[in-house]
Amino acid sequence: MLEADLINELQTQGARLADPTAGHESRRGGAGPSDHKAMTLGDQTVMVPVHTAPAFQSPYVIDAPQGATGEARILRDGVEVGRIRFPGRPRFYDLRTAEGIPYSQIAVLHGRDVLATTVLQTCIRYESRKKTCQFCAIGQSLAAGRTIAHKTPSQLAEVAKAAVELDGIKHMVLTTGTPKGQDRGAQVLADSARAIKAAVDLPLQAQCEPPEDDSWHQRLSESGVDALGMHLEAVTAEVRARIMPGKASVPLEKYFSSFEAAVRVFGRGQVSTYILAGLGDTAAEILAMSEKLVAMGVYPFVVPFVPISGTPLESHPAPTSDFMASILGPLSRMVIDGGMKASDIKAGCGKCGACSALSTYEKMRIA
Ligand code: SF4
């Protein structure tokens, strides 16, 4: 089986772990897709669902890691189909701030070399079950005491510096719940980026809803943000209204005008959007939207939806591997023909690529 196909199957069907303690703690809760464990196949680190309903039924089992290499076999119906390694527990997880806050409550390791934080762990869209994005678990990790509500610029700078020095972190994702106010979180992201860049040379991606005023893109760039994500999540009006009733109040036209303004500041391929496949948009609808985005210079990071325990969509099925392949195959060609690729992105989800097989499909096309 090709590596891209195997990654696609693992991400859609999940995997059962023979040794649930293997690797460092899984990513549970938080903003966006979650309930995964990082695994490295070849040179690509991917997030594979392990705590979700589909994962418990998956035909894939990851054996306990063996010997000095720490390699573990991937078995399908008892037959080895590949090998993985689990990234080790980062050393910065052992540190605390002077006030006693564990660094791991301020930022966490994603994939193999990405530091990620949710600067504001609260969101205007999360305050009522009716308005909340149905896939999101931003409040769960806060309620469970795994994180703090507001990470200050100096806390983020301290943790980022340590993560670079101790664990060789290569880039950082700053996402945020949406606060009240017209900047949609851009102010808090800019303040954070400025403090981090003053402490350590680390490429940064900021993620927020489109700020009301396009001048925020320039301000984000001047504060040290290298790449920007503004996430559509779903592409058709029906799915947007059903899956994210609050966020769908921001019209698609606003996203497009904001993308255009952001590409002028950050450059082609440095502005991206996250699209969750499997929530009702068809493959043709996702590809049509992607075509429009690529033409504008926006990288469409299409990710298989993973149902997260405790969210309204916890029983929603994950997309099939065939459905994802029918998107990621043509999408990888479209992205490359549009002069973009994951490895050219300076920082963020598209560069990390761990939540989708897209970058592996891209590599297959370039090889
Ligand atoms: S793709 Fe984004 S959300 Fe997924 S592991 Fe990488 S940085 Fe985290």
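In the annotation of an unreviewed UniProt entry, the chain is listed under the name Radical SAM protein and assigned to Frigidibacter mobilis. Per UniProt, the chain carries the Cofactor (unreviewed entry) text "[4Fe-4S] cluster".

**Q** A description of the overall build of the chain should follow, citing residues and the corresponding values.
**A** Looking only at helices and strands, one finds twelve helices and 13 strands in the chain. For a compact globule of 367 residues, the expected C-alpha radius of gyration is about 21 Å, and the chain comes in at 19 Å, within 12% of that figure. Of all 367 residues assigned to the chain, the portion counted as buried reaches 59%. Pairs at least 24 residues apart make up 71% of the contacts formed inside the chain by residues separated by at least 6 positions. For the chain, the exposed surface amounts to about 14100 Å²; the carbon and sulfur share of it is 52%. Taking the average place of the 38 positive charges on the side chains of the chain and the average place of its 39 negative ones, the gap between the two points comes to 2 Å.

**Q** If you had to explain the environment of Gly-177 to someone new, which residues and values would you point to?
**A** Structurally, Gly-177 is set in the loop between strand 9 (171-175) and helix 5 (186-199). Taking C-alpha positions, Gly-177 is 7.7 Å from Cys-208, a pair spaced 31 residues apart along the chain. Setting aside residues up to four positions removed in sequence, Gly-177 forms contacts with Thr-118, Leu-120, Thr-122, Cys-123 and Ile-138.

**Q** Tell me about the site of the ligand, and name the residues and values.
**A** Neighbouring residues of the ligand: Met-47, His-110, Val-173, Tyr-274, Phe-301, Cys-349, Cys-352, Ala-354 and Cys-355. Classifying every residue of the shell around the ligand by side-chain character gives eight nonpolar, one polar and no charged.

**Q** I'd like a description of the packing of helix 6 (residues 215-222) against helix 8 (residues 252-266), backed by residues and values.
**A** Interaxial distance between helix 6 and helix 8 falls to 9 Å at its minimum, and their mutual angle equals 35°. As helix 6 packs across helix 8, the resulting crossing turns out to be right-handed. Only Ser-258, Ala-261, Ala-262, Val-265 and Phe-266 of helix 8 make contact with helix 6, whose side of the interface consists of His-217, Gln-218, Leu-220 and Ser-221. Classifying every residue of the contact of helix 6 with helix 8 by side-chain character gives five nonpolar, four polar and no charged.

**Q** I'd like a rundown of the nonpolar core, residues and numbers included.
**A** Formed by 113 residues in total, the largest nonpolar core has its most connected members in Ile-62, Phe-135, Met-172, Leu-174, Phe-259 and Val-302. Other than its neighbours up to four places away in sequence, Val-302 contacts Ile-275, Ala-277, Ile-286, Ser-290, Met-324, Ile-327, Leu-328, Leu-331, Ser-356 and Leu-358.

Analysis parameters
- Residues numbered from 1 in each chain as written.
- Predicted model: local features only at pLDDT ≥ 70, side-chain atom pairs only at ≥ 80, totals over all residues.
- Heavy atoms only, no water.
- UniProt positions renumbered as here; feature names shortened; annotations may be inferred.
- Helix = DSSP H or I, 4+ residues; strand = E, 2+ residues; numbered from the N terminus.
- Rg over C-alpha atoms; globule rule 2.2 N^0.38 Å.
- Buried < 20%, exposed > 50% of the residue type's maximum accessible area, 1.4 Å probe, protein only.
- Contact = heavy atoms within 4.5 Å.
- Areas by Shrake-Rupley, 256 points an atom, 1.4 Å probe, with all protein chains shown as cover.
- Lys, Arg positive; Asp, Glu negative; His and termini not counted.
- Charge placed at Lys NZ, Arg CZ, Asp CG, Glu CD.
- Near = heavy atom within 4 Å.
- Nonpolar A, V, L, I, M, F, W, Y, C, P; charged D, E, K, R; others polar.
- Axes fitted to C-alpha atoms, helices over the stretch in contact; angles between N-to-C directions.
- Left-handed = near helix turned anticlockwise from the far one by under 90°.
- Core = buried A, V, L, I, M, F, W, Y, C linked by side-chain atoms within 4.5 Å.

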